[in-house]
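A structural walkthrough
The residues making up each chain are set out below.
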Amino acid sequence: MLSMSANNLYNDQGGAEPAVEAGQETTPTSSSAGVGSGLFSSDFKKNDDLKEMLESNKESLKLEAMKRIVGLMSRGRNASDLFPAVVKNVASKNIELKKLVYVYLVRYAEEQQDLALLSISTFQRGLKDPNQLIRASALRVLSSIRVPIIVPIMMLAIKEAAADLSPYVRKTAAHAIQKLHSLDPEQKDHLIEVIEKLLKDKSTLVAGSVVMAFEEVCPDRIDLIHKNYRKLCHLLVDVEEWGQVVIINMLTRYARTQFLSPWREDAQFDENSEKTFYDSDEEKDKADSRPYVMDPDHRLLLRSTKPLLQSRNTAVVMAVSQLYWHLAPKHEVNVVTKSLVRLLRSHREVQYIVLQNIATMSIQRKGMFEPFLKSFFVRSTDATHIKTLKLEILTNLANEANISTILREFQTYVKSQDKAFAAATIQAIGRCATNIAEVTDTCLNGLVLLLSNRDETVVAESVVVIKKLLQTQPSQHSEIIKHMAKLLDSITVAMARASILWLIGEYCERVPKIAPDVLRKMAKTFTAEEDIVKLQILNLAAKLYLTNSKQTKLLTQYILNLGKYDQNYDIRDRTRFVRQLIVPNEKSGALSKYAKRILLASKPAPVLESTFKDRDRFQLGTLSHTLNTKANGYLELSDWPMVAPDQSVRNVEVFEPVKEWVPSLGKSKPAKSDKFYSDSEEEEEEEEAASGSSSGAEDSSSSEEESGSEEDESSSDEGSDKSSTQSESGKKQQVLRKTAGRDPHDSCSENEKTAIRRKPKAGSRPSQPKASSSSSSSGSQSSSEADSDSDSDGSAGQEQKQISKPKTEVKMKKEVSLLDLDDFNPVSTSVPKASILSPSLLSDLEGLSLSSVSPAIEVSSPVFVPHMSHELLHRMSGKGLAACYHFPRQPCIYDPRMVSVQLTFTNCGEQPVQDLHVGEASPPALSLHRFAAIECLKPDASITVSMGIDFNDSTQAASFQLCTKEDQFSVSIQPAVGELFMPVTMTEQDFYKEQGKLTGMNESSTTVTVSPESTSAQIITRKVVCVANMGVVPTSQTNVHRFAARTASSEALVLATVELEEASAARLLVNTEKTVIGSMLLRDLKTALSQG
């Protein structure tokens, strides 16, 4: 009966569902035989039906069959018998069908190599297909056929794909390199040539894959990385997440071979530090006396990786953390702490790896994680291995200040129903008692109380730990030894019984009356004891024979006779050894004279150490570190070099275009003629641009290292996103940003470099465009090159003329400056334009990408301001003080990079609130403008104030202290992604132009179903502007709605398009270089538009 039901169940799960997938009807069977035949015939008919569909003449049937086959594969079903029928369709002209066929072939080509070889000519033709997805799929299938005979064909295909115009195909070529190397290692030299070529690729799509190929094929060829080091650092932020992990690990190994150790005691961390002017020759000769100065490339790596600590991918955060641990100066490693603690909210698999790494870190640097002690408290829902790791970390963090808190936690853990965890807790208490002398007695007394516990596991573990603790000061604890001797009758755990016997034997002289009696009891049960207990009985007998032979001589002889015939050879050998040692006879020789010194020698107290003490020999985050043993393929980190390698090896090819770009990052260098600045000032600016300073400001001192890395991104974004017709707030913004940060290794994007190279062809002299870093907004390149960093006063106008000169001839220079100043300073428009501007000049200006000056992109007023407020502080938590906030969507008057926030405070209590102000902000680098302190807020009174917060284009909450005269309250403001924008206006033509620059990785799209009553332009506009603070772009199409905005902090352009299609469907498109913001905005807009 049970077998029948089991067969029916199996038929329901394994036969009915595949049959339904194949479009067949299932009929119930009445007998067990029918069940079995129905099961297997169902599979046969299913595959036969799919074969018929694949061999039909209708493309729709073939497409439907392939969809079902891929569905079977996704469920883990075996579809290999369909290979002949599927491979026939590889030459189909239907793109969708061909894609699915290649998906199938990639999965089964390795299993069906002979059949796949028959279609190899088709795969080769696929490598020439105009569709990039087909070319990539063909290469993927070709590399999956692991037959040595086609190695030359694969090699040729990889070389061709490496030069393909599509970055996706080049990425696939990098993946194929690893497969070919594993198939034929002799091709290594040829593959290294391809890797060297792909390493020069400027696409972020290729970078991660080619570095992975480098790590697999030739990880020791560090010379290939020299030329591409800086480029990889700059591309790192925009590379896919798993590519980031590979690149970070590779750069960690690279940095350990190329830079000096920053852990020296005389280390300095100011990259701008210069040698003393009056250096003596003797000082120059003493290399050891010169202090360490961090290499600019070393600092570049730390800056480039720091923003990735906010990544949503836990592997990326872990990779950056290990990089900082192995490469950063000791005082900078703390920046990874919060990110690692944040990962503890992830799945238990992630928690396990992160906690292992934290356990290793906490041994060497306790101070890193002490502020987050409560984050490691054990929860009832934690798994045992997670609990044990948290226990390990708590023990590592224990010190005199927090030991009382930790021991209170341990008291609760001991009562846990998880016996393994309770035992580990007792071990942890023992470690705390050993490491902190002030609590040794307290811990020992607590462990003695546990000896009366009902749980045998707890008692046994307590005995083992007490035994180790008593070795530190046994003379003071003879009563504890007596108490433990009484427990021998009740304890059955072998390790605990052995520990008690060892204690009594070791300190038998302190308990002379009890020890012989214990030996008598053990002699009775000797044959029934565990082997480890028998060995300790023999030791106890030998020690008592030497110290109290009158009472124990016969007992000892009896036990030795029992041991002589024991089944275990270890016990027999120990018995013979003890007999010869303690019982003198003619054969024993001189050894018996030293029996007391051997058996009763004083033994050092054991040191209870962490199991993670020696794991730091492995690189953090690796499999070897997790397993605590060297795994296959593990590459050890090399020691820091004693002498700094040559820095110039990294200057090749990559550094030249950066030199051409960098001088315009502050105040642009003048052209060859009509110089505005003196030669000496030019030289100073060149030196400053090449120095590697994180701030790069002329009049400001060097900023802190930690804040410098965060400001690099925002300051680099700011230079390229300024419009030529900005409002007064825009003018203030540009004046504030004249001292924006510069980095000697900041490289422009691929599109910008292409534009720079084309400039000399349009003008009559080489161009030196305005500043734009690697993360600058490509959506506003044309306007940024023309007139970014302009000032509102007369000096700004002169500087604007100077900046524009390198782009055009001397005559054209004046026209450009006039056009620029027309929007910023109306007074300068007194110069007659009509007599100067000619059609040819206008066409030249358009060729120089300055046509965006007239139809400008400028910040506008908000279309809609939601009045929804959010609770900041509840009146119960605030002791009568309630606070709420909302976003007024107005430009912040304190700093254009900040988001304006209005706070409303209400005193719901009976006492007045005095001295209400903002205290410390978290993180410390958070930039915010505090409101003026409120001296007194009377009961039932309310007041509204404004403050500005620079969220740095992130939805991460801004936390700060709200302080009164008597209390402090921790509060946080969490912005929606749509509140980080400022609306802009532009023409439809400009929208198309900017959107064309933000394609590929900068584009996110989805399809959403819109209710029929919500398809009007008014409703769609209302829903979009309610979600995000965006401006409406005029459109000539009734079914397309366009919106535009800039991010407040970096001024990156954000474009949104809603295109209505048939059947109440709408296509939603978001274009922005801030990919994370783009995906979040797309999600919010989809939710808003799908609601009725």
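In what follows, the structure referred to is the one given above.
What this report covers is the structure whose coordinates are included nearby. (Residues numbered from 1 in each chain as written. Predicted model: local features only at pLDDT ≥ 70, side-chain atom pairs only at ≥ 80, totals over all residues. Heavy atoms only, no water.)

Focus on the packing of aromatic side chains
Here the distance between the centres and the angle between the planes together describe a pair of aromatic rings. By the definition in use, this model includes twelve aromatic pairs. Pairing Tyr413 with Phe421 gives two aromatic rings, centres 5.3 Å apart and planes at 45°, and the pair type is tilted. Looking at Tyr413, the relative accessible area reads 5%, which means it is buried. Every member of this aromatic cluster is reached through a ring pair, and the members are Phe83, Tyr104 and Tyr108. Above the ring of Trp325, the side-chain terminus of Arg365 is found at 4.4 Å from the ring centroid. Between Arg615 and the ring centre of Phe612, over which it is positioned, the NZ or CZ distance is 4.3 Å. (Phe/Tyr/Trp six-rings, centres within 6.5 Å; stacked < 30°, edge-to-face > 60°. Buried < 20%, exposed > 50% of the residue type's maximum accessible area, 1.4 Å probe, protein only. Lys NZ or Arg CZ within 6 Å of the ring centre and 35° of its normal.)

Remarks on the side chain of Arg431
Along the polypeptide, Arg431 turns up in helix α23 (residues 419-435). Residue Arg431 is classed as buried on the basis of its relative accessible area, which comes to 11%. (Helix = DSSP H or I, 4+ residues; strand = E, 2+ residues; numbered from the N terminus.)

Quick word on a nonpolar patch on the surface
Taken together, the side chains of Phe577, Leu591, Tyr594 and Ile598 present a nonpolar region at the surface, about 380 Å² in accessible area. Along the chain, Phe577 falls in helix α31 (residues 569-582). (Patch = residues over 30% accessible without salt bridge, like charges linked within 9 Å, V, L, I, M, F, W, Y side chains within 5 Å. Areas by Shrake-Rupley, 256 points an atom, 1.4 Å probe, with all protein chains shown as cover. Salt bridge = Lys/Arg side-chain N within 4 Å of Asp/Glu carboxyl O.)

Describing the sheet that holds strand β12 (residues 968-973)
In spatial order, the strands read β9-β7-β11-β12; together these four strands make up an open sheet with antiparallel pairing. On the outer flanks of this sheet lie β9 (934-937) and β12, each paired with one strand and no other. Strand-to-strand, the axes of this sheet are offset by a mean angle of 35°, without reference to chain direction. Looking at chain direction, strand β7 (residues 913-922) and β9 are connected through three bridges and run antiparallel. Opposite Val913, over in β9, you have Leu937 as the bridge partner. (Pairing = 2+ DSSP bridges. Axes fitted to C-alpha atoms, helices over the stretch in contact; angles between N-to-C directions.)

Let's talk about the pairing of β12
Side chains Phe969, Val971 and Ile973 project from β12 onto a buried face, and the interleaved Gln968, Ser970 and Ser972 project onto a face without burial. One ladder, built from six bridges, connects strand β11 (residues 958-963) with β12; its direction is antiparallel. Bridged to Gln961 within β12 is Ser970. Where β11 folds back onto β12 in an antiparallel hairpin, the turn is made up of four residues.

Describing the pairing of β7
Regular strands place side chains that alternate from one sheet face to the opposite one. Two elements, β7 and β11, share four bridges in a ladder whose sense is antiparallel. Pairing of Ala921 across the sheet is with Phe960, part of β11.

A closer look at the pattern of salt bridges
A complete count under the given rule lists 28 salt bridges for this structure. In this structure, Asp297 and Arg230 form a salt bridge, with 2.8 Å as the shortest nitrogen-oxygen distance. Of this pair, Asp297 sits in helix α17 (residues 296-305) while Arg230 is found in helix α14 (residues 229-235), placing the two residues 67 residues apart along the sequence. For Arg230, a relative accessible area of 6% gives the class buried. Across the salt bridge formed by Asp517 and Arg520, the nearest N and O atoms sit 2.6 Å from each other. Placement of the pair is Asp517 and Arg520 together in helix α28 (residues 514-524), with a separation of three residues, close to one helical turn. We classify Asp517 as partly exposed; its relative accessible area is 32%. Note on Arg520: relative accessible area 34%, which makes it partly exposed.

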